[in-house]
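Structural features, examined
What follows is the residue order along each chain.
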Amino acid sequence: MPVTQNLRVSIQNMSCASCVGRVERALSALPGIDEVNVNLAAETAQVRIDSETRIPELIEALDRTGYPARTQTVRLNVSSMSCASCVGRVDKALATVPGVLEVNVNLASETATVTYVEGAVELFDLLTAAEAAGYPAEPADSALPDERSARKEGEARDLARRTALAALLALPVFLLEMGAHLVPGMHEMIGRTIGHQTSWIIQFILTTVVLFWPGRHFYARGFPALLKGAPDMNSLVAVGTGAAYLYSITALFAPWLLPEAARAVYFEAAAVIVVLILLGRWMEARAKGRTGAAIQKLLGLQARTARILVDGEPKDVAIESIRTGDILVVRPGERIAVDGEVSEGTAHVDESMITGEPVPAAKAKGDPVTGGTVNGTGSFRFRATRVGADTTLAQIIRMVEQAQGAKLPIQGLVDRITLWFVPAVMGLAAVTVVVWLIFGPSPALSYALVAGVSVLIIACPCAMGLATPTSIMVGTGRAAEMGVLFRKGDALQLLTSVDVVALDKTGTVTQGRPELTDMVMADGFDRAEVLALVAAVEAQSEHPIAEAVVRSAKAENAARHDVESFESITGYGVRARVAGREVLVGADRLMSREGLSIETLAEAERRLAEQGRTALFAAVNGRVAAVIGVADPVKPASAAAIDALHRLGLKVAMITGDKRETAEAIARETGIDHVIAGVLPDGKVAALDELRQGGRRIAFVGDGINDAPALAHADVGIAIGTGTDVAIESADVVLMSGDLRGVVNAFEVSSRTMRNIRQNLFWAFGYNVALIPVAAGALYPAFGLLLSPVLAAGAMALSSIFVLTNALRLRRVRPAMDEARAVGHGEAASLSSIPVAVK
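These figures come from a predicted structure and were not determined experimentally. (Residues numbered from 1 in each chain as written. Predicted model: local features only at pLDDT ≥ 70, side-chain atom pairs only at ≥ 80, totals over all residues. Heavy atoms only, no water.)

**Quick notes on the overall build of the protein**
Counting secondary structure elements, the protein contains 32 helices and 29 strands. Long-range contacts, defined as pairs at least 24 residues apart, comprise 68% of the intrachain contacts of the protein with a sequence gap of at least 6. If you sum the accessible surface of the protein, you get close to 36,700 Å²; carbon and sulfur atoms cover 56% of it. (Helix = DSSP H or I, 4+ residues; strand = E, 2+ residues; numbered from the N terminus. Contact = heavy atoms within 4.5 Å. Areas by Shrake-Rupley, 256 points an atom, 1.4 Å probe, with all protein chains shown as cover.)

**Description of the sheet that holds strand S26 (residues 674–676)**
Spatial strand order, S17-S29-S28-S27-S18-S25-S26: seven strands in an open sheet with mixed pairing. Of all strands in the sheet, those with a lone pairing partner are strand S17 (484–486) and S26, marking the two edges. For this sheet the average axis-to-axis angle between neighbouring strands, irrespective of direction, equals 20°. Two elements, strand S18 (residues 500–504) and strand S25 (residues 651–655), share five bridges in a ladder whose sense is parallel. Bridging from a neighbouring strand, Leu503 pairs with Met654 of S25. In the packing of helix H25 (residues 660–670) onto the sheet, the strands contacted are S25 and S26, and the crossing angle to S26 comes to about 155°. (Pairing = 2+ DSSP bridges. Axes fitted to C-alpha atoms, helices over the stretch in contact; angles between N-to-C directions.)

**Concerning the environment of Lys554**
Structurally, Lys554 is set in helix H21 (residues 544–555). What makes Lys554 exposed here is its relative accessible area of 56%. (Buried < 20%, exposed > 50% of the residue type's maximum accessible area, 1.4 Å probe, protein only.)

**Thoughts on the pattern of salt bridges**
Summed over all chains, the structure comprises 23 salt bridges. Two residues, Asp715 and Arg692, come together in a salt bridge whose shortest N-O distance is 3.4 Å. Of the two residues, Asp715 is situated in the loop between helix H27 (708–713) and strand S28 (716–720) and Arg692 in helix H26 (residues 684–692); the sequence distance between them amounts to 23 residues. You can call Asp715 partly exposed: its relative accessible area is 21%. Connected through salt bridges with shared partners, the residues Arg307, Asp316, Arg331 and Glu334 form a single ionic network. (Salt bridge = Lys/Arg side-chain N within 4 Å of Asp/Glu carboxyl O.)

**Thoughts on the UniProt feature "transmembrane region" (unreviewed entry) in the protein**
Mapped onto this numbering, the UniProt entry annotates "transmembrane region" (unreviewed entry) at residues 164–182, 194–215, 236–258, 264–282, 417–439, 445–468, 761–780 and 786–808. Note that residues 264–282 is 84% helix and 0% strand, and that its end C-alpha atoms are spaced 31 Å apart. Measuring from the first to the last C-alpha atom of residues 761–780 gives 28 Å, for a span that is 85% helix and 0% strand. (UniProt positions renumbered as here; feature names shortened; annotations may be inferred.)

**Observations concerning H25**
The set of residues buried in H25 consists of Thr662, Ala663, Ala665, Ile666, Ala667 and Thr670. Turning to H25, the residues buried within the fold contact helix H19 (505–509), helix H23 (602–610), helix H24 (638–647), S25 and S26. Directly after H25, the chain includes Gly671, whose backbone phi takes a positive value near 90°.

**Quick notes on the nonpolar core**
Most often, soluble globular proteins keep nonpolar side chains buried together rather than apart. If you look at the biggest cluster of nonpolar residues, it comprises 152 residues, and the most contacted ones within it are Leu58 and Leu126. The dominant element in this core, judged by the number of residues it contributes, is helix H29 (residues 741–776), at 12 residues. Setting aside residues no more than four positions away along its own chain, Leu58 makes contact with Leu7, Val9, Leu27, Leu30, Ile33 and Val47. Counting residues in hydrophobic clusters, the runner-up holds 25 residues, among them Leu531, Val534, Val549 and Ala618. (Core = buried A, V, L, I, M, F, W, Y, C linked by side-chain atoms within 4.5 Å.)

**Examining the pairing of strand S16 (residues 380–386)**
Of the strand pairs in this sheet, strand S10 (residues 327–330) and S16 are connected by four bridges, and their pairing is antiparallel. Counterpart to Ile327 in the pairing with S16 is Arg383. Both strand S11 (residues 339–345) and S16 contribute to a ladder of six bridges, which runs antiparallel. Note on S16: the bridge partner recorded for Glu344 is Arg381.

**Describing the environment of Pro98**
Along the chain, the position of Pro98 falls in the loop between helix H3 (84–95) and strand S5 (100–106). Given a relative accessible area of 23%, Pro98 falls into the partly exposed group. Placed 44 residues apart in sequence, Pro98 and Arg54 show a C-alpha to C-alpha distance of 9.3 Å. When neighbours within four sequence positions are excluded, Pro98 is seen to be in contact with Glu52, Ile55, Ala120 and Val121.

**Observations concerning the packing of H24 against H29**
Following both chains from N to C, one finds H24 and H29 inclined at 25°, their axes separated by 8 Å at the closest point. Relative to H29, H24 is oriented roughly parallel. The way H24 lies across H29 gives a crossing that is left-handed. Residues Ala641, Ala644 and Leu645 of H24 form the contact with H29, whose own contacting residues are Arg741, Val743, Val744 and Phe747. Here the residues of the contact of H24 with H29 are counted per class, giving six nonpolar, no polar and one charged. (Parallel < 35°, antiparallel > 145°, perpendicular 65-115°, else oblique. Left-handed = near helix turned anticlockwise from the far one by under 90°. Nonpolar A, V, L, I, M, F, W, Y, C, P; charged D, E, K, R; others polar.)

**A short note on the packing of aromatic side chains**
A complete count under the given rule lists 12 aromatic pairs for this structure. Pairing Phe204 with Phe253 gives two aromatic rings, centres 5.2 Å apart and planes at 80°, and the pair type is edge-to-face. Of this pair, Phe204 sits in helix H7 (residues 196–212) while Phe253 sits in helix H9 (residues 233–253), placing them 49 residues apart in sequence. When the ring of Phe212 is compared with that of Tyr245, the centres are 6.0 Å apart and the planes differ by 70°; the resulting orientation is edge-to-face. Of this pair, Phe212 sits in helix H7 while Tyr245 sits in helix H9, and the two are 33 residues apart along the sequence. One aromatic cluster is present, built from ring pairs that chain together Phe204, Phe212, Tyr219, Phe223, Tyr245, Phe253 and Phe267. Stacked on the ring of Tyr572, the Lys or Arg Arg593 has its end atom at 5.3 Å from the ring centre. (Phe/Tyr/Trp six-rings, centres within 6.5 Å; stacked < 30°, edge-to-face > 60°. Lys NZ or Arg CZ within 6 Å of the ring centre and 35° of its normal.)

**Re the pairing of strand S9 (residues 313–318)**
Pairing of strand S8 (residues 305–310) with S9 involves six bridges; the strand directions are antiparallel. By the bridge assignment for S9, Thr305 is matched with Ala318.

This is how it looks when you write it as structure tokens:
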């Protein structure tokens, strides 16, 4: 009879008794589930199930019914992981906890991200499962970032000490045994002085200290893992060096048990293998520390203290003490502590670490400021609006951590292979020993030992486990420094398969607000005078076009006039009396209605319309004075960015609700390939499906609330960071800058990171495929070559170091667009002249 158990699940969206009934019916209909009890007040469902395997069915049923189970995600620091097979075992141990939905284990950051059903799983269950598998874990949030960094540095220092001690002890062993191969006559000299038996005893003592002091870690973890039937890298090292050590002890203290020809010691192999692997571990630890450099840089942007007003007096407090609504004082050169809004004063703030923009941004009353940015000139006060984990910088750090812990689709195959790799290697080593014993020359036992140990040591899958996560950590970290945040790690791989980049127009390609772009004057009228008159009239209107004219007049310091008898003529324009003159501003139909001729400016109007401008006429005292062009101008970097995307082999489309003439004009100006115009907000998803025809993959770039469905529907959604929170939450990639240069940088980082991952995987797999047969003795019959276990250990350590060093090259990736050229004149940036190479 199956053993039943109670399960408690937290449920969303329940609001009334009918919701309770629907949930109860949905759960009661499932096989193996009974005693369903749904509680509206607690928003939970208590059920009795006959098997833990029913939980995924239960979760799916709740989703279908419209009342999904609440989930939580926790990040764990996992100890004792040393290779890719460890990753697979931790993943498997956590995934088997009933109620766990998704597990993502990262060897490079030594973390596990677990998503589970709230109520069905407790944190203690996850920690217990990891501990039982041999990999102790703790919540990542339990240690502050600085503490985690200090711990990593401490681990590296400990490994450095152990490596130095092991090397100091192993050097005499190596010289005593291998010196004869390096120095002629040394073998005879040892025999004449201390004697070979004494030499072996010295080697035995020193090697024993090496193995059971600095090298004890391999045996303390390797043998228990082997006994559990889950061998890892430590098991390979423990078995390999242990075999060489025990064989040597037998040859030293019980030589009669071995054939005379096979009486040799391999103490130097055991000792030097431990030294080399410790050296590799130490170098790995240092390199892993550098892979998280981006996070450390971001953490370094956080202010430690701030000055707030308490009863009108400034007081220095810790940043943790700041609350929403507090008034903070910022002096020149100080770092802004939290997000807020300027309440008093003016300043220029360096926001380059957030937006990538090199020019300091002017700030005045009402302007937003971002925590982590640096005040340049001027002092000001601001009201805190977002503090603690809600600040922009905290959210950026959270996004980067999530992206760095991501598992790309390409990693799935690696994990499946490496989970069984170590057991397969141990089996191969056993076969190697047997084959040498049967077919090998005399002394066959010595040859079998050397080949078996070499196979065990050289096949450690460290490089395989590090190949993908280290590149992801460094690549996404470098992207964050360039203002490109990968909210979802798999976007890093998906971007490389994109064929078409679809752009929203307003706020993405263009500035997002109308500006006065042209003012063509009729004969006999002064531009400054007419602009002042028109601005005075338009100041009475709230239309966006009117606001554009007023902003332009203010920027040009136009004269200000009082307005009398203002009148809005619906569908035509406006009329007013300004400074004693009758002024009309409106479309051509207003001029026709008033009987005014526009013939002299008709050609200018037509030209403006072709350029996508909205044309307005201005008349003063019954004469047409000017035609005014108003448009949402293209961002300075848009044309250069689109040209750069073309050079990357991508097609560019624009989706907009504007009329086709305006859209076509912008497309001509920027070089966009395809235009879909007149699209309603809910039609952008259908427009993406149209672009998808032929199996093409689409990246969509947008910034508004109405872009959220399209961002979610695209293969990769890219949100302009200056846009709305809704758009950002729907996106896979967020650009902190407000223009399309970030899109080019995102594609460049994606391309280079994936290329780096492929290089690492090729090396890691190729290394094992090529060298395992060599270690087993495949070259011996033809060339008489047999790989020494010492060389095998060195090669294994070098493979991991190569992978880590190759990944760290991504730290030198540069932004893919020359900012000065892209922004200065709007000209196309040439990718052939762009410094993107990783050196």
